[in-house]
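So you can see what is in the structure, the chains are spelled out below.
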Amino acid sequence: MSVLRPQDQLPGLNAATILLVGKEDALLQPLADSMLKEDCASTLRVHLAHSLPLPSDVNRPRIDLIVFVVNLHSKYSLQNVEESLRHVDATFFLGKVGFLVTGAGRDSHCSVHRNSVLKLAQAYRSPLLFCDLEVEGFRVTMAQRLVRMLQICAGHVPGISALNLLSLMRSSENPCLEDL
Amino acid sequence: VMSARKRVKSSQTPRTSQHSNSYQTNLLAWKLKEDLSNSRSTSKHGQNSPVEDSEQADADEQAEDALQIAVRYFEKGPFKTSRSKDKTLEKHLKTVESVAWKNGLAPEEIDILLNVALSGKFGSAVNSRLLRCMIPATLISEDSVVKAVSWLCVGKCCGSTKVLFYRWLVAMFDFIDHKEKINLLYGFFFASLQDDALCPYVCHFLYLLTKKENVKPFRVRKLLDLQAKMGRQPYLHALLSLYKFFDPTLISVSLPVKKNIYFKNSENLWKTALVAVRQRNQEPSPEPLKLMLGPATVRPRKRKWNSHSLIPVLNSSSHSKEYGKKGMRLSDYLSRNRAFSGEQLKSFPQLLQNIHCLELPSQMGAVLNNSLLLHYINCVRDESLLLRLYHWLSQTLQEECIWYQVNNYECEKEFTNFLDTIIKAECFLQEGFDSCEAFLYKSLPLWDGFCCRSQFLQLVSWFPFSSFSEVKPFIFDRLAQLFFTSTIYFKCSVLENLKELLQNWLLWLSMDIHLKTVTDSSLETTFSGSMQSVFELIHYVGWLSTNALRLESNSTFLLHFVLDFYEKKVCDIYINYNLPLVVLFPPGIFYLALLSLDSSILNQLCYIMHRYRNNLTAAKKNELILKKKSEFIFSSKTYQEYNHYLTAMVGCLWTSKPFQKGSYFDPEVFKMIGVAKYKTSLNLVHHPALLSYAISFLLKEYPEERTVNVSSIRGKKWNEYLDYLFSEGLQGLKLFIRSSIRHSSVP
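Residues numbered from 1 in each chain as written. Chains lettered and ligands numbered in written order. Predicted model: local features only at pLDDT ≥ 70, side-chain atom pairs only at ≥ 80, totals over all residues. Heavy atoms only, no water.

Chain B is annotated in an unreviewed UniProt entry as Centromere protein I from Myotis lucifugus.

For chain A, the name recorded in an unreviewed UniProt entry is Centromere protein M, with Myotis lucifugus as its organism. According to the UniProt record, the Subunit (unreviewed entry) comment for chain A is "Component of the CENPA-NAC complex, at least composed of CENPA, CENPC, CENPH, CENPM, CENPN, CENPT and CENPU. The CENPA-NAC complex interacts with the CENPA-CAD complex, composed of CENPI, CENPK, CENPL, CENPO, CENPP, CENPQ, CENPR and CENPS." A UniProt comment under Function (unreviewed entry) is attached to chain A, and it reads "Component of the CENPA-NAC (nucleosome-associated) complex, a complex that plays a central role in assembly of kinetochore proteins, mitotic progression and chromosome segregation. The CENPA-NAC complex recruits the CENPA-CAD (nucleosome distal) complex and may be involved in incorporation of newly synthesized CENPA into centromeres." (UniProt positions renumbered as here; feature names shortened; annotations may be inferred.)

Structural data, given as structure tokens:
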């Protein structure tokens, strides 16, 4: 089971599971904590992984949303995400994948250009979110947004599906930031 | 150096007493030392200051004496002989540095030291250290700069010193008291562009300095040559586009319209010092004026301005002269009579009397807090003033924006206040600033939708009128992404601000029609193009709303905001703004409102339908009178759509024949679920939003009754029931029924 598929398992009762993929434990752990603190009707589960594929011998719940966290301050971070993406089944990209970019605020520290992440997100037809996870205030807001997305992806918001949300989030053709 | 600076910084915190103030004035009027030291001693006795304060003052005094010695040392130049030369030099340099970073230097000291630095008396390392600490206490006199520039011609200083000097000029530009004489040297500066190392900095300086009369064909040619030689450098591009802005006919080559920051702020070495200078200039702060018209409104503000705000206080050249009143010469008096400074300006009549000789503050940002000066820059068509303001604004927005400075997010309050002031100024001028537009482009993707939410969204609502489809990817698509993943409160505030945006656009367009200045607009769009843009904005909000209602499981709260958008702005465009546009709401909103459980929603819907009717009939009437079909959005489709909605509403509420046309419901389904009388179940009596009214109406008549039959409301009673509903405040329903239903047809 090296490739993750959204329908591999049956959904758990009232459970919504998010998988955060990224190398920066120091950023992901607090984000996960903030998410779990959110008031939410579903039973939230947050899984953290450095990279994909996930070990195959473990029993884990169905994953409803995968968020790849890219830190612009490290080239390795982007590389890691790019490699992990290969282990995700195409059907996941029907609204159950997101990219979260951190570190965009401080231009001078960036070793990865924002455009390369933008292109990545466009190539995978998935929404791109920006948030500087180091700042607590921003992190909490982002956690809130992720929980909302997760609830939709897990099918807990009646009348809206993950694919539906994706089509709402995807703007016509995102222009490159260079052209701004 | 570092340790000295550190010390300075740490000792900066307790520097808030009155004493440091008096010390400052003393520093400023260095030549009038005797007078001021007298006044200082009296003030010391008068105030009974605590011990630490006087100690602090003593320390300051000592530092000051040391500074004077140091300045004299530099003025006289190095002595060749002694071996201790290096030590003395180091000591004096440190003194100057510490005083400069702590309190800034007086204009006279800057004058002397700037001369020293550029004359090449000392080595280039010393020169650069001196230049780095040329931080004004308040202002820099123009003459010092002119003198310094004259040293550049002698060729005694090396390239790196020159570069540093230009960087210093750019950083301190706002603190130079006059710019007329400097502007006379424009040709010299322009010639310096040829130096490859200097070019970026000279460009930046010229960008700040250029006035319309400086733009000459030969300079344009030179710039284009330079661009051909050096490639598309952002700084050359900036200067060229400024030239093009001043004189579009001179430059025929097309410059890509980039919303970009041309100059890097990160290169500013004096950033912290500048904040301190601004703070200092603010301390004797006069109360900022309220942004209102007329003399009666110039009242001191009640709320104290925050500890230090980012907006400089009005401070024109005459301010510095006030300090040395004794030494003022006759010519100063004469020149002062000619120029009327911003601080003196207190009332609107004053503005009118002095409008020909008004002197603007040396720091353009100060106008944001002054309504009269805002009037002035708005009506006097001097582009260079606006450009200076915009330049200052974009730089400050960029530097202070909290989501760019991860370490600095404590200054959120300060930034919020700054945004508030900008918004106030925009409201006052009733137009958005270009710099805010650029700021939105750049920062919206990084915004988390939470911090400074109200300010940020207000900036969106002041977004200047533009082609919707062009700005959509940059602004509205990004906003949509935030919108769909954020809380219901965020959604409501976005809708609220988009309503404001629509209003601003509509006002702008309706003004535009009256003034017949469509061609004047920078957009150069046709009128129908503008209408199309408004149409697209309304359509976009409709799309947002429909989906938001689905996401928020048809929340009544949200629906109120959605209907508000249509009620206050959209349905009355034709009548209120005299623009040929009627856009109906999408079915997703209409049917939700019609089937709502909330009587106020239904009432609002009725009112909107009533207003739509008025607008459409007025449009039709005009069409008949003018005998020409309006070329814009009045397709017959709009009327059909309206009629369709109207039929549905009347069918539900009045005739009890719901959804006859394009039947959405299979009667069999109703039978299956056991609703036999589905036809009447949405009329005014049985409608879930009104049922409680019907019951209380019946109970009013028969208070004793234990079971009421609402179906008994028909015929004459129906009319009484209607009056009852109207008396309960359902005015929208009243207007709708009066206008859209013939009264003979009571069911």
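There is more to say after this.
A. Up close: the overall build of chain A. Secondary structure assignment for chain A yields 5 helices and 5 strands. Along its sequence from the N terminus, chain A presents helices and strands in the succession β-α-β-β-α-β-α-β-α-α. Looking at chain A as a whole, 56% of its 180 residues qualify as buried. Within chain A, residue pairs in contact and separated by at least 24 positions form 79% of the contacts whose partners lie at least 6 positions apart. (Helix = DSSP H or I, 4+ residues; strand = E, 2+ residues; numbered from the N terminus. Buried < 20%, exposed > 50% of the residue type's maximum accessible area, 1.4 Å probe, protein only. Contact = heavy atoms within 4.5 Å.)

B. Representation of the pattern of salt bridges in the model. Residues and elements named next belong to chain B. Scanning the model with the defined rule gives 15 salt bridges over all chains in all. Taking the shortest distance from any N to any O, the salt bridge between K499 and D564 comes out at 2.6 Å. Here D564 lies in helix α27 (residues 556-568) and K499 lies in helix α25 (residues 488-515), a separation of 65 residues in the sequence. Judged by relative accessible area, K499 falls into the buried class, the value being 8%. The buried category is assigned to D564, whose relative accessible area is 14%. Connected through salt bridges with shared partners, the residues E90, K94, E97 and R129 form a single ionic network. (Salt bridge = Lys/Arg side-chain N within 4 Å of Asp/Glu carboxyl O.)

C. Inspection of the pairing of strand β2 (residues 43-49) of chain A at higher detail. Residues and elements named next belong to chain A. Both strand β1 (residues 15-21) and β2 contribute to a ladder of 7 bridges, which runs parallel. Bridged to A16 within β2 is L44. Crossover β1 to β2 through helix α1 (residues 25-37) is right-handed. (Pairing = 2+ DSSP bridges. Right-handed = clockwise from strand over helix to strand, strands pointing away.)

D. The arrangement of the confidence of the model for chain A in detail. When pLDDT is averaged along chain A, the result is 86, and 94% of the positions lie at 70 or above. Contacts for the low-pLDDT stretch residues 172-180 of chain A, under 50 throughout, to residues beyond four places or in other chains number 24 contacts. (pLDDT = per-residue confidence, 0-100.)

E. Here's a closer look at the side chain of B:T416. All names here are of chain B. Counting through the fold element by element, T416 comes out in helix α21 (residues 412-429). You can call T416 buried: its relative accessible area is 17%. Not counting the four nearest positions on each side in its chain, T416 is found in contact with C452 and Q455.

F. Quick peek at the sheet that holds strand β3 (residues 65-71) of chain A. Residue and element names in this part refer to chain A. Here we have 5 strands laid out as an open sheet, ordered β2-β1-β3-β4-β5, and parallel in their pairing. Single-partner strands in this sheet number two, and they are β2 and β5 (128-130). Taken over all neighbouring pairs, the strand axes of this sheet differ in orientation by 25 degrees on average, direction set aside. Across the sheet, helix α3 (residues 114-123) is in contact with β3, β4 (97-102) and β5; its angle to β5 comes to roughly 145 degrees. (Axes fitted to C-alpha atoms, helices over the stretch in contact; angles between N-to-C directions.)

G. Geometry of helix α6 (residues 107-119) of chain B. All names here are of chain B. With 13 residues, α6 extends 18 Å between its outermost C-alpha atoms, agreeing within 8% with the 18 Å of an ideal straight helix rising 1.5 Å per residue. α6 sits mainly inside the fold: 12 of its 13 residues count as buried. Directly beyond the C-terminal end of α6, a positive phi value near 75 degrees is found at G120. (Expected span 1.5 Å × (residues − 1).)

H. Representation of the packing of helix α14 (residues 234-246) of chain B against helix α20 (residues 383-400) of chain B within the structure. Residues and elements named next belong to chain B. It is at 11 Å that the axes of α14 and α20 come closest, and there the two elements cross at 145 degrees. α14 and α20 meet at a crossing whose hand is right-handed. Only E383, S384 and L387 of α20 make contact with α14, whose side of the interface consists of L242, F245 and F246. Counted by class, the contact of α14 with α20 contains 4 nonpolar, 1 polar and 1 charged residues. (Left-handed = near helix turned anticlockwise from the far one by under 90°. Nonpolar A, V, L, I, M, F, W, Y, C, P; charged D, E, K, R; others polar.)

I. Structural view of helix α9 (residues 159-172) of chain B. Residue and element names in this part refer to chain B. Taking 1.5 Å per residue, 14 residues should reach 20 Å; α9 reaches 20 Å between its end C-alpha atoms and fits that length. Burial runs high along α9: 11 of the 14 residues are buried. Taken together, the buried positions of α9 are T161, V163, L164, F165, Y166, R167, W168, L169, V170, A171 and M172.

J. Fine view of the packing of aromatic side chains. Residues and elements named next belong to chain B. Enumeration according to the criterion identifies 44 aromatic pairs over all chains in this entry. Judged by centre distance (6.0 Å) and plane angle (75 degrees), the ring pair of W392 and F418 falls under edge-to-face. Here the residue W392 occupies a position in helix α20, and F418 occupies one in helix α21, the gap between them amounting to 26 residues. Judged by relative accessible area, W392 falls into the buried class, the value being 6%. Note on W654 and W718: the rings are 5.4 Å apart at their centroids and 85 degrees apart in plane angle, and the pair reads as edge-to-face. You can see W654 sitting in the loop between α31 (636-653) and α32 (667-672) and its partner W718 sitting in helix α34 (residues 716-727), a full 64 residues away along the chain. Here W654 matches W718 in class, with each residue buried. Taken together, the ring pairs connect F165, Y166, W168, F173, F188, F189 and F205 into an aromatic cluster. (Phe/Tyr/Trp six-rings, centres within 6.5 Å; stacked < 30°, edge-to-face > 60°.)

K. Inspection of unusual backbone geometry at higher detail. Residue and element names in this part refer to chain A. With an omega of 0 degrees, the peptide bond between L52 and P53 qualifies as cis. Note on placement: P53 falls in the loop between β2 and β3. Even without a glycine there, the phi angle at R125 is positive, about 50 degrees. Within the fold, R125 resides in the loop between α3 and β5.

L. Up close: a nonpolar patch on the surface. A cluster of nonpolar side chains, namely B:V669, B:M672, B:I673 and B:V675, defines an oily patch on the protein surface of about 410 Å² accessible area. By the secondary structure assignment, B:M672 is in helix α32. (Patch = residues over 30% accessible without salt bridge, like charges linked within 9 Å, V, L, I, M, F, W, Y side chains within 5 Å. Areas by Shrake-Rupley, 256 points an atom, 1.4 Å probe, with all protein chains shown as cover.)

M. Summary view of the environment of B:G732. Residue and element names in this part refer to chain B. Summarising the element assignment, G732 is placed in helix α35 (residues 731-740). Expressed as a C-alpha distance, the spacing of G732 and N603, which sit 129 residues apart in the sequence, is 5.0 Å. Contacts of G732, omitting those with residues within four sequence positions, involve N603, C606 and Y607.

N. Structural detail: the pairing of β3(A). Residues and elements named next belong to chain A. Here β3 lies mainly inside the structure; 7 of its 7 residues are buried. Of the two faces of β3, the one lined by L65, V67, V69 and N71 and the one lined by I66, F68 and V70 are each fully buried. Taken together, the 4 bridges between β1 and β3 define a ladder with parallel strand orientation. What sits directly across from L20, in β3, is V67. Crossover β3 to β4 through helix α2 (residues 75-84) is right-handed.

O. Here's a closer look at the environment of B:Y607. Among the structural elements, B:Y607 can be located in helix α30 (residues 599-626). Each C-alpha atom, one on B:Y607 and one on B:I737, is 9.7 Å from the other, the two residues being 130 residues apart in sequence.

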